Each structure stands twice: as structure tokens, then as C-alpha cells.
Amino acid sequence: FGRGDGLLMLSLSVASFYLLLIYADRAFFLRLLRIVAWVGTFAAIWALVQWLITGGRIGGSIGNPAFLAGYLALSFFVTLIVAQMSASEQWRRYAYVGAGLQILAILLTATRGTMLALTVAGVIALLCGAAAKTGVVRKRSLAILAALFIAATGFFFARDFLAQSSFSPVARIAQISLQDP
């Protein structure tokens, strides 16, 4: 019941968001994006404080870790949009710090699906950057892709060792297998 309730709540939230996107005017929608970004940042800070106090995997006060990670993943992209829309450099920095806190909280939930989904989205973004015609974006994207490939190869070969890690996000990613239900 707990997982079904959370899934239903997230589904209704996403449906409501898209209905607002279709029917709301631009000013209302921009205010909504800012509110979502700040609420997501507050939820990330709350989760990080929880992690500092209790240690281990976070997610208790917002349901289970998967729901927290799912919400923060959605608010992460909204926060990036808010950062791009910000007229002030100071508010842009605040939004990027908020996005960083949200990613950190997602990692500390140790939710494998969300971490893998964000990794795939990041790789796709880097591939799009590598296909860009401008030199700086292309070079940086290719360098980051090469570094990620080397890190993933090392992670694969050290997987058994990393599965015993005391840092739960690393351990949970290393424990992924085709036999895992």
C-alpha cells in the first residue's frame, strides 16, 4: 500500500504539472517553476540534515527513498530551468547550488533506478554536446565522456570489492545484477 500510494501521488503530481503547463499563462508557470525549485532544494536540505543526523540511506520523512529520489530528480531539472531563466547572476548561483544539493541528496538515497536514469540522461546530454559544432562544448563533452568510460570500466572490474563498501550508494550500484529481483 505504501508504494502504491506514493506512485499514485507522484502520478497525480506529474499529471497536474502537465495540465498546468498546458493551461496556465507564462507568468504563473514561471512562478510555479521557481516554487518547485525552492521546494526541491528545501527537501534536499531536509534530507541531507537527516543523513547527517542518522547516517546511512536517507528518505524516511518523505516516504521511502525511491519517492524522495523521484521527486528530487524531477525538481532537479526544474531547478536547472530556473537557473537558466534567472536574470541575476546571484540567483543563478543559488539555483545551481540548489541543483547540486538535490543531486547529492539523490545519491544519498541510494536509489539505483534514479541514479541510473540520471546517469543515462547525463550521458545523452554529453553525447549531444559532443555532436555540437562549437569547439569548447565538444571538447569538454568528449573529455567527460572519456573520463566516465574509464570510471565505468574501473567500476565494473572492481564491482565485487565495491559491493562491500560502507557507502550505500556505491554498494547498491555495485550489487546490481541480472539475478536481482
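Residues numbered from 1 in each chain as written. Predicted model: local features only at pLDDT ≥ 70, side-chain atom pairs only at ≥ 80, totals over all residues. Heavy atoms only, no water.

Asks: I would appreciate a short explanation of the overall build of the chain in the present structure.
Replies: Across its full length, the chain carries eight helices and zero strands. Along the chain, helices and strands appear, N-terminal first, in the series α-α-α-α-α-α-α-α. In terms of principal-axis extent, the alpha carbons of the chain reach across some 50 × 50 × 30 Å. With 181 residues in all, the chain has 31% of them scored as buried. Of the roughly 11,800 Å² of accessible surface on the chain, a fraction of 72% belongs to carbon and sulfur atoms. (Helix = DSSP H or I, 4+ residues; strand = E, 2+ residues; numbered from the N terminus. Buried < 20%, exposed > 50% of the residue type's maximum accessible area, 1.4 Å probe, protein only. Areas by Shrake-Rupley, 256 points an atom, 1.4 Å probe, with all protein chains shown as cover.)

Asks: Explain the nonpolar core to me, please; I cannot follow it from the model alone.
Replies: The tendency in soluble globular proteins is for nonpolar side chains to be buried side by side. The biggest cluster of nonpolar side chains holds 13 residues, and the ones touching the most others in it are Ala47, Ile58, Leu68, Leu72, Ala105 and Ile106. Put simply, the parts of the chain that give this core at least two residues each are helix 2 (26-54), helix 3 (65-85), helix 4 (89-109) and helix 5 (112-130). Excluding residues within four positions of it along the chain, Ile58 makes contact with Ala47, Gln50, Trp51, Pro65, Leu68, Ala105, Leu108 and Thr109. Among the nonpolar cores identified, the runner-up in size contains eight residues, and Phe29, Leu30, Leu32 and Leu33 belong to it. (Core = buried A, V, L, I, M, F, W, Y, C linked by side-chain atoms within 4.5 Å. Contact = heavy atoms within 4.5 Å.)

Asks: How should I be thinking about the packing of helix 4 against helix 5 in this particular structure?
Replies: How two helices sit against one another is set out by the angle between their axes and by the gap between those axes. Two elements in contact, helix 4 and helix 5, have axes whose closest approach is 8 Å; the angle formed by their N-to-C orientations is 135°. It follows that helix 4 is oblique to helix 5 by the angle criterion. Once helix 4 is placed against helix 5, the crossing between them reads as left-handed. Contacts between helix 4 and helix 5 involve Ile103, Ile106 and Leu107 from the first element and Thr114, Met115 and Leu118 from the second. (Axes fitted to C-alpha atoms, helices over the stretch in contact; angles between N-to-C directions. Parallel < 35°, antiparallel > 145°, perpendicular 65-115°, else oblique. Left-handed = near helix turned anticlockwise from the far one by under 90°.)

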